[in-house]
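# Overview (structure and organization)
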Amino acid sequence: MKSIINGFIITIAMYSKIPMPKVERSKQNMKYALCFFPIIGLLIGALLYGWCEVCIAYGFGQTCFALVGAVIPVIITGGIHLGGFMETTNALHSHEKKERKLEILNDPYVGAFAVISVVCYFLLYSAGLVLIWKNDQLLLLGLSYMISRTLSGMSIAWFPAAKKEGTIYTLSSMAHKRAVRIVLVTILALCFISAIVINPIIGAVMALLAMWVWTYYYYMSLKQFGGITGDLAGYFLCLCELSSVLVIGGIGRVM
């Protein structure tokens, strides 16, 4: 039981800015850490839902909801996944060999392609959020943050790491993979079922697109980098959430 509690604390401390007590990152304590990754998504979804209620109550409007809403995930996570998105886009646009791309991921300098990509990301993300207002859309939005983190955790438990060092390798090597896989697959199935129950069309499209992005992430990582890294995991998570926001907002508005 202690290792489960410590795993929860470690995950929240690693992937969010929420203050948590210090826990030793030992193999015993990190066995089940990945199981709790989706909880951060649940928190982000709840905050966005609450922010929407505030916007409705005080008449702030959809634009205000979208612009502030696009920043809420960054505030909660500290931008850890967005940083990976920027580093990865910079490496991909370099068109270098695998070894050089892995070096670029660790480059402390921000490249031009990283800046261009993150600006485009926030514009598209805000455009999707500004279309989301209905209650069922907000519920789907909340699920999307859980889905992206569940799939990200599954990739760490299943996909090969590009190098034998770093956060991803540590999490993968220390995880009780059988337990982590069972828990995350169950959470993913519940999220997909819930999404389809909430809105059959949008939920189904969102689920299929999330799996397509996950598949793309797997093959791209192997081809371009020889496996996954923490930056690549952040890149996937951002792409997955962006695709969900655009689907929920776009199809929701048409329907």
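For the structure, see preceding data.
Residues numbered from 1 in each chain as written. Predicted model: local features only at pLDDT ≥ 70, side-chain atom pairs only at ≥ 80, totals over all residues. Heavy atoms only, no water.

### Considerations on the overall build of the protein
- For the protein, the count of helices and strands is eleven helices and zero strands.
- Ordering the α and β elements of the protein from the N terminus gives α-α-α-α-α-α-α-α-α-α-α.
- Taking 255 residues into account, the globule formula puts the C-alpha radius of gyration at 18 Å, and the protein, at 18 Å, falls close to it.
- Each principal axis of the C-alpha distribution contributes one length, and for the protein these read about 50 × 45 × 35 Å.
- Burial analysis of the protein (255 residues in total) assigns 50% to the buried set.
- Of all intrachain contacts in the protein linking residues separated by at least 6 positions in sequence, the fraction that spans at least 24 positions is 78%.
- On the protein, roughly 11,900 Å² of surface is accessible, and the fraction owed to carbon and sulfur atoms is 68%.
- Both charge centroids of the protein, one from 19 positive and one from 11 negative side chains, sit 8 Å from each other. (Helix = DSSP H or I, 4+ residues; strand = E, 2+ residues; numbered from the N terminus. Rg over C-alpha atoms; globule rule 2.2 N^0.38 Å. Buried < 20%, exposed > 50% of the residue type's maximum accessible area, 1.4 Å probe, protein only. Contact = heavy atoms within 4.5 Å. Areas by Shrake-Rupley, 256 points an atom, 1.4 Å probe, with all protein chains shown as cover. Lys, Arg positive; Asp, Glu negative; His and termini not counted. Charge placed at Lys NZ, Arg CZ, Asp CG, Glu CD.)

### Here we look at helix 5 (residues 98–105)
- For helix 5, every residue scored as buried is listed here: K101, L102, I104 and L105. For helix 5, the arc enclosing every buried residue in end-on projection is 155°, short of the 170-degree limit, so these residues lie on one face.
- Where helix 5 is buried, its residues contact helix 4 (80–92), helix 10 (200–225) and helix 11 (230–254). (Arc of directions from axis to C-beta.)

### Quick word on the side chain of D231
- Mapping D231 onto the fold places it in helix 11.
- The side chain of D231 is buried and forms no salt bridge, while K163, the nearest opposite charge, is found at 6.6 Å.
- Sequence-distant contacts of D231, defined by excluding residues within four places in its chain, comprise G83, G84, F85, E87, T88 and L105. (Salt bridge = Lys/Arg side-chain N within 4 Å of Asp/Glu carboxyl O.)

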